[in-house]
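Chains, contacts and geometry: an overview
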Amino acid sequence: MTDAALLRQRDHAYSSFTEKLLSRDIQPGQIISQRELTELTGMPLAAIREMIPRLEADGLIRTVPKRGLQVLSIDIELVRNAFQLRSIIEGRAIVEFCRTAFTDEIQDLLQQHLEIRERASAGVSPDVLKTAQRIDWAFHDRIIDAMNNPLVSNIHRVNALKIRLIRNSDTRMLPELVVSVLDEHLAILRALEIRNSTGALEAIEAHIESGKRRALGV
């Protein structure tokens, strides 16, 4: 197998691992072997061995001597650290986005949110919930990616994965939270619309703090 082919398999194994983690086919804190990972991901052992250093670097697993690999555990310290990192990254990103984003893009994001909020206010069907969740995650990804810094984008995505793992059901956009979460986004977008970077920063910090409180159950 060529090096390029092995790297492709490694990346595929990584994606499969994170999907299994989010679906809870792999549990936080679980001890797992390389052989079990080959069965769960459907990837060859060579790809698994290539994947492990990346998972370790991202803080998603750690090697436990004589036992195997331990998946990231969820605790209060992780919640605080993950949301603090999110606040640092997105705070900087929203100020940059406010300064550099095209007006048409801001208006497009605003219109997407207004449309799904109108649908949600009439009732949160599974389709509305799925669309709202997609818009939510895509909005944050777009703000980060607009910085054109692959290092920051990668850190953001790994941290976002950890946040989605934290009390999984509580940090998703639950039906009863759809309208309030969209309103938090709209507060950010209204500030962006008038190029009020201070207002946008305050709004995104309030949005992140709201998510942290839900994750901590307070």
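Refer to the structure printed above.
Residues numbered from 1 in each chain as written. Predicted model: local features only at pLDDT ≥ 70, side-chain atom pairs only at ≥ 80, totals over all residues. Heavy atoms only, no water.

**Describing the overall build of the protein chain**
When helices and strands are counted, the protein chain shows 10 helices and three strands. Moving toward the C terminus, one meets the helices and strands of the protein chain in the order α-β-α-α-β-β-α-α-α-α-α-α-α. In terms of C-alpha radius of gyration, the protein chain reaches 19 Å, essentially the compact-globule figure of 17 Å for 218 residues. Oriented by its inertia axes, the alpha-carbon framework of the protein chain measures out at about 55 × 35 × 30 Å. By the burial criterion, 43% of the 218 residues in the protein chain qualify as buried. Pairs at least 24 apart in sequence give 73% of the contacts found in the protein chain among residues at least 6 apart. Summed over its atoms, the accessible surface of the protein chain is roughly 11,600 Å², and 51% of this surface lies on carbon and sulfur atoms. Taking the average place of the 29 positive charges on the side chains of the protein chain and the average place of its 30 negative ones, the gap between the two points comes to 5 Å. (Helix = DSSP H or I, 4+ residues; strand = E, 2+ residues; numbered from the N terminus. Rg over C-alpha atoms; globule rule 2.2 N^0.38 Å. Buried < 20%, exposed > 50% of the residue type's maximum accessible area, 1.4 Å probe, protein only. Contact = heavy atoms within 4.5 Å. Areas by Shrake-Rupley, 256 points an atom, 1.4 Å probe, with all protein chains shown as cover. Lys, Arg positive; Asp, Glu negative; His and termini not counted. Charge placed at Lys NZ, Arg CZ, Asp CG, Glu CD.)

**As for the side chain of D141**
Topologically, D141 is positioned in helix α6 (residues 126-145). Salt bridges are absent for the buried D141, whose nearest opposite-charge side chain, R157, sits at 4.0 Å. Leave out the neighbours within four places in its chain, and D141 touches H156 and R157. (Salt bridge = Lys/Arg side-chain N within 4 Å of Asp/Glu carboxyl O.)

**Some words on the pattern of salt bridges**
Inspection of every chain in the model, using the stated rule, returns 10 salt bridges. The residue D183 makes a salt bridge to R117 at a minimum N-O spacing of 2.5 Å. Here D183 is found in helix α9 (residues 178-193), whereas its partner R117 is found in helix α5 (residues 103-121), with 66 residues between them in sequence. You can call R117 partly exposed: its relative accessible area is 26%. Connected through salt bridges with shared partners, the residues R10, D11 and R54 form a single ionic network.

Spatial relationships are all this shows, so hold off on functional conclusions.
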